[in-house]
Amino acid sequence: MAEVTLRHIQKVYPNAERGSKARKGKGRPTTNLKVTDEGVVAVDDFNLDIADREFVVLVGPSGCGKSTTLRMVAGLEEISGGELSIDGRLMNDVPAKDRDIAMVFQSYALYPHMSVYDNLAFPLKLRKLPASEIDEKVREAAQILGITEYLHRKPKALSGGQRQRVAIGRAIVRNPKVLLMDEPLSNLDAKLRNQMRAELIKLRQSINTTFIYVTHDQTEAMTLGDRIVIMKDGVVQQVGTPQEVFDRPQNIFVAGFIGVPQMNFFDATLSVKAGRVSLAAPGYDAVVPADVASRIEGNGGADGQDVTVGVRPEQLVISKSGEEGSLSGFVEVTELMGSTVHVHATTELGPFVLVVPTVDLGDASYLPGTPLSFRCAPGALHVFDRATGESLTR
Amino acid sequence: MAGSNSTALKGERRTQRLLSALLAVVCVIWVLPVVSVIVNAFKLNTYVKTETFALPTAESFAGLSNFVTGMTFGNYPFWKCIAYSSLITIASTALILLFCSMAAWYIARVDSLFCKVVYFLCIFSMVVPFQMVMFTLSKTADMLRLNTPITIPIVYLGFGAGLAIFMFVGFVKSIPLEIEEAAAIDGCGPLRTFFLVVLPMLRPTLISVGILEIMWVWNDYLLPYLVLDINTYRTIPIHIQYLKGSYGTVDLGATMALVLLAIIPVVVFYLCAQKYIIKGVAAGAVKG
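Residues numbered from 1 in each chain as written. Chains lettered and ligands numbered in written order. Predicted model: local features only at pLDDT ≥ 70, side-chain atom pairs only at ≥ 80, totals over all residues.

**A few points about unusual backbone geometry**
Residue and element names in this part refer to chain A.
Alright, step 1. With an omega of -5 degrees, the peptide bond between V260 and P261 qualifies as cis.
Alright, step 2. One non-glycine residue, D100, lies in the positive phi region at around 55 degrees.
Alright, step 3. Take D100: it is sitting in the loop between β6 (89-90) and β7 (101-104).
Alright, step 4. With a phi close to 45 degrees, N175 is a non-glycine residue in the positive phi region.
Alright, step 5. What makes N175 partly exposed here is the crowd of 14 C-beta atoms within 10 Å. (Helix = DSSP H or I, 4+ residues; strand = E, 2+ residues; numbered from the N terminus. Buried ≥ 20, exposed ≤ 12 C-beta atoms within 10 Å, placed from the backbone.)

Structural data, given as structure tokens:
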């Protein structure tokens, strides 16, 4: 239980190999990370206030700096700049063992020479707790996680899911102020991952601690987090509740990253005339609803501005051909997902994906090559400045 | 098709039989010296020279007299030789295991020029023959008072460090770093991380390095002969050498008896722990 504050946190990796690589002609950067004279900036100006008992998820693609940020909070990486406080105490130079945090690693990181019981008891023994108290806490944690029957086993005799439970048990057994999780479900198969995700939600309700969770899986982020921090190239793109980042993405990256299937995008030109906002693209012309229009104007949308329009696949509705604001194209391929069908269509504006509920299919068959018309649900449009990628509908 | 297959199979079997026979001959040649030591340890001295490979007969059988002669030979008690050999072997091996595993952990985990240079020097020390450095070494050991059974393990530590660090570094690199990070978060400082987490995980390599070092130090003749004051301190191999009397007379029966006594502990130890040798060497070599 603790508040965690990150102020202007920065991580710079000194670029030691720059000279030799440059001589060999291999100096071209392989990432979009900022490179300064000091080195590669892996995390840049990270600011976040995490409330007591909050579950915050850091999410982003590989190499975006989410794990680095978590490791800085854990004390496993030196903080190059900024201030990290836990419960108001500055932690920048405090060793990991004195931060009263616990961490669950992607690779479990169990001690292979110890039994499950000893793995759970290890952090308590280091704190010199009485044996009876250690035993009580170990058995309590084992019961919460359903691993009591494996307490005498060595980690090598456990399955992946059981090992992950032990790793979580070792983290919760000493009631840390902050519980850090670095992609804890990534090594599990899809079925087990779903099961463990549900168990994490239950676990979160049963223990009172602050969670910081790192994942590249946006489904995990959406289902687990009170708030989500979306990162790209070491920079925070948006912080908000799952609903906020889904409904009001700040920029085109967040819009594309959050949501499965990914948001559809097409280029258009904005028209703002006498309070009437419309979008025009080849084969598409639509008037924007009043509430969206006011947001576009409020965010500086100008007449003739080049924009990228985004619309989520589940907010595209099958329509009659030639209907106002509709788009026409052909079915390319369909994917039956069970309760929904993902229809991939090609139009003059590019490829689109529609999510059609299976119950709405009726007699319709979406065979490849079938002509198709669809329109956006009212108010479902997201408009982004094409030059900056910033949302005009936020 | 079937015919050609069976011909190939027969050819393969014949090759295997030939190989087995060849290896059996090699094994016999390999084992012969050990067998001759055992056989001759129980024969009278005169028969050792004339019937070297024959089994003891009623006439040539010496019972345990060779052992008694060997152990009571000269004016230096044999039990002292056993004590010095044991002390030097145990202390040297313990020092090598402790310091080399710690050094290897540091070298494997800290990415610095210093570590690379130290590691290179350790590897380099393995290719330098002992004979190249033995005279300067004996002089230096004398100057630094490393010429007693208590201090000679430091010399052994220097000579054994190359191979030991090479094997430990290979194994440490195969240990996931996250385990040590988890220990740090759980409350371990560097010392506790090493002794409570890393060292127990090094067990297979500790055992294999330990066996190799024990065999080397226990059987070593040249280093203690050069460094120790041999009138005061004698290890078993040095004492055996004294059975060779003046004018070239050698009590071969007693020599064989002492050689047998000297190799018994190492052979027993090796047989008990041989599976770890193979496991540890393979782990260090492959996972590195």
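Once the structure has been displayed, the description carries forward.
**Let's talk about the sheet that holds strand β16 (residues 316-318) of chain A**
All names here are of chain A.
Alright, step 1. Strands sit in the order β16-β20-β17-β18-β19 across an open sheet of five strands; the sheet is antiparallel. Edge positions in the sheet fall to β16 and β19 (350-357), since each of these pairs with one other strand and no more. Pairwise comparison of adjacent strand axes, ignoring direction, gives a mean angle of 45 degrees for this sheet. (Pairing = 2+ DSSP bridges. Axes fitted to C-alpha atoms, helices over the stretch in contact; angles between N-to-C directions.)

**Topic: the interface of chain B and chain A**
Alright, step 1. Each partner contributes to the interface: chain B provides 14 residues, whereas chain A provides 17 residues.
Alright, step 2. Listed by contribution, the elements that provide at least two residues to the side of chain B that touches chain A are α8 (177-186) and α9 (190-201) of chain B.
Alright, step 3. With seven residues, the single largest contributor to the side of chain B that touches chain A is α8(B).
Alright, step 4. Class assignment for the residues of the side of chain B that touches chain A results in nine nonpolar, two polar and three charged. (Contact = placed C-beta atoms within 7 Å. Nonpolar A, V, L, I, M, F, W, Y, C, P; charged D, E, K, R; others polar.)

**What to know about helix α10 (residues 203-219) of chain B**
Alright, step 1. The terminal C-alpha atoms of α10(B) lie 24 Å apart, and with 17 residues this matches the ideal 24 Å at 1.5 Å per residue to within 8%.
Alright, step 2. Those residues of α10(B) lying buried are T205(B), L206(B), S208(B), V209(B), G210(B), I211(B), L212(B), E213(B), I214(B), V217(B) and W218(B). (Expected span 1.5 Å × (residues − 1).)

**Considerations on the packing of helix α3 (residues 116-126) of chain A against helix α5 (residues 160-172) of chain A**
Residue and element names in this part refer to chain A.
Alright, step 1. The contact between α3 and α5 brings their axes to 8 Å, and the two run at 25 degrees. Overall, the two elements α3 and α5 adopt an arrangement that is roughly parallel. Between α3 and α5 lies a crossing of right-handed hand. Side by side, α3 and α5 meet where V116, N119, L120 and P123 of the first sit next to V166, G169 and R170 of the second. (Parallel < 35°, antiparallel > 145°, perpendicular 65-115°, else oblique. Left-handed = near helix turned anticlockwise from the far one by under 90°.)

**Some words on the domain arrangement of chain A**
All names here are of chain A.
Alright, step 1. The assigned domain composition of chain A is domain 1 (4-255) and domain 2 (262-385).
Alright, step 2. Domain 1 and domain 2 are separated by 38 Å when their C-alpha centres are compared.
Alright, step 3. Between domain 1 and domain 2, the residue contacts involve four residues of the former and five residues of the latter.
Alright, step 4. Residues belonging to the side of domain 1 that touches domain 2 are distributed by class as follows: three nonpolar, one polar and no charged. (Domains from an automatic or database assignment.)

**Some words on helix α5 (residues 113-127) of chain B**
Alright, step 1. In this model, α5(B) (15 residues) spans 22 Å end to end at C-alpha, consistent with the 21 Å of a helix rising 1.5 Å per residue.
Alright, step 2. A small share of α5(B) lies buried, amounting to one of its 15 residues.

**Focus: the sheet that holds strand β5 (residues 81-86) of chain A**
Residues and elements named next belong to chain A.
Alright, step 1. Judged by pairing direction, the sheet is antiparallel, and its five strands sit side by side in the order β2-β3-β1-β5-β6 without closing on themselves. In this open sheet, the two edge strands, each paired with only one partner strand, are β2 (34-36) and β6.
Alright, step 2. Relative to strand β3 (residues 39-50), strand β1 (residues 4-13) runs antiparallel, the two sharing seven bridges. Considered in β3, the bridge of V12 is made with V41.
Alright, step 3. Where helix α2 (residues 66-74) meets the sheet, its contacts fall on β1, β3 and β5, and the angle it forms with β1 comes to roughly 115 degrees.

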